[in-house]
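Here is how the chains run, residue by residue.
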Amino acid sequence: MDGFLQRRTRYGAWKERYFRIEGYQLKYYSDHLTAIKATRNDEGPYQYDAVGSAAEAIDLRGETSLEPTEDTQFLLKHGSRRLEVRLESQQQRDEWVKTLRAIVVEHGKRQTRVGTLSIECDGAYVMSQPEACS
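Residues numbered from 1 in each chain as written. Predicted model: local features only at pLDDT ≥ 70, side-chain atom pairs only at ≥ 80, totals over all residues. Heavy atoms only, no water.

Student: It is not clear to me how the packing of aromatic side chains should be interpreted in this structure. Could you clarify?
Tutor: Between two aromatic rings, the relevant description is the distance of the centres plus the angle of the planes. Under the defined criterion, the tally for this structure stands at five aromatic pairs. Where Y18 meets Y48, the ring centres are 6.0 Å apart and the plane angle is 80°; that geometry is what we call edge-to-face. Pair noted here: Y18 is in strand β2 (residues 14–22) and Y48 is in the loop between α1 (33–37) and β4 (56–59), with a separation of 30 residues, a long-range link. Neither Y18 nor Y48 differs from the other in exposure class; each is buried. Against the face of Y46 rests R20, its NZ or CZ located 3.6 Å from the ring centre. When the ring centre of F4 is taken as origin, the NZ or CZ atom of K37, which lies over that ring, is 5.1 Å away. (Phe/Tyr/Trp six-rings, centres within 6.5 Å; stacked < 30°, edge-to-face > 60°. Helix = DSSP H or I, 4+ residues; strand = E, 2+ residues; numbered from the N terminus. Buried < 20%, exposed > 50% of the residue type's maximum accessible area, 1.4 Å probe, protein only. Lys NZ or Arg CZ within 6 Å of the ring centre and 35° of its normal.)

Have a look at this one:
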């Protein structure tokens, strides 16, 4: 999934960025937007080709939450990182939130507890198995 969305800067202004979901990462590009728009392609998994390097790549695994805020906006929280995004319509916002949440949930299902690491006072490491894995 990809597209041109707006991101709120730390100063409160909204700036257009090219966003792209690749695996467990949400990437956005702030440079070469005109060149990216010129690569429009209706075939393949992405509508556009990424040009240059991503300004930021957010790994959606781990502590990630998504909250629809106003009509066309959502807030992504990842650890201490906050990313506010605005789209053209509520339908677009809902599609992005649904897709991102599916990635976060899918990763959560794949995590399996395999054991517990304990450190004893003498510095020896002991690995123990949990009673029940779910």
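Student: Explanation requested: the pairing of strand β1 (residues 2–8) in the structure shown.
Tutor: For a regular strand, side-chain orientation follows a simple rule: the groups alternate between the two sheet faces. Most of β1 is tucked away, with five of its seven residues classed as buried. As judged from the seven bridges shared by β1 and β2, these two strands associate in the antiparallel manner. Paired with D2 across the strands is R20, a residue of β2. The loop that links β1 with its antiparallel partner β2 comprises five residues; one of these, G12, has a positive phi angle of about 95°. When β1 meets strand β7 (residues 81–86), the two strands line up antiparallel, connected through two bridges. Residue pairing in the sheet places Q6 in a bridge with R86 of β7. (Pairing = 2+ DSSP bridges.)

Student: I keep staring at the sheet that holds strand β5 (residues 64–68) and nothing clicks. Help me out?
Tutor: Either a parallel or an antiparallel arrangement is found when strands of a sheet pair, and the pairing is made through backbone hydrogen bonds. Across the sheet, seven strands lie side by side as β4-β3-β2-β1-β7-β6-β5; this open sheet has antiparallel pairing. Both outer strands of the open sheet, β4 and β5, are each paired with one neighbouring strand and no more. Looking at each pair of strands side by side, their axes are set apart by 30° on average, direction ignored. Direction of pairing for strand β6 (residues 73–78) relative to β7: antiparallel, over a ladder of six bridges. Its bridge partner lying in β7, K77 is registered against R82. (Axes fitted to C-alpha atoms, helices over the stretch in contact; angles between N-to-C directions.)

Student: Help me out: how do you make sense of the side chain of R20 in this one?
Tutor: Residue position: R20 is located in strand β2. One polar contact links R20 to Y18, side chain to side chain, over a distance of 2.9 Å. Residues contacting R20, with those up to four places away along its chain left out, are M1, D2, Q25, L26, K27, Y29, Y46, Y48, D49 and A50. (Polar contact = N/O pair within 3.5 Å; in protein donor to acceptor, adjacent residues only side chain to side chain. Contact = heavy atoms within 4.5 Å.)

Student: Would you mind going over the nonpolar core with me for this structure?
Tutor: Across soluble globular proteins, nonpolar side chains have a tendency to be buried as a group. Counting 18 residues, the largest nonpolar core has L26, F74, L76, W96 and L100 as its most contacted members. Where this core is concerned, the elements lending two or more residues are β2, β3 (25–29), β6, β7 and α2 (90–110). A total of five residues in this core trace back to one element, the largest contributor, which is α2. Residue contacts for F74: discarding those within four places in its chain leaves L66, E67, P68, T69, L83, E84, V85, L87, R93, W96, V97 and L100. By size, the runner-up hydrophobic cluster in this structure holds six residues, among which are Y18, Y29, I36 and Y48. (Core = buried A, V, L, I, M, F, W, Y, C linked by side-chain atoms within 4.5 Å.)

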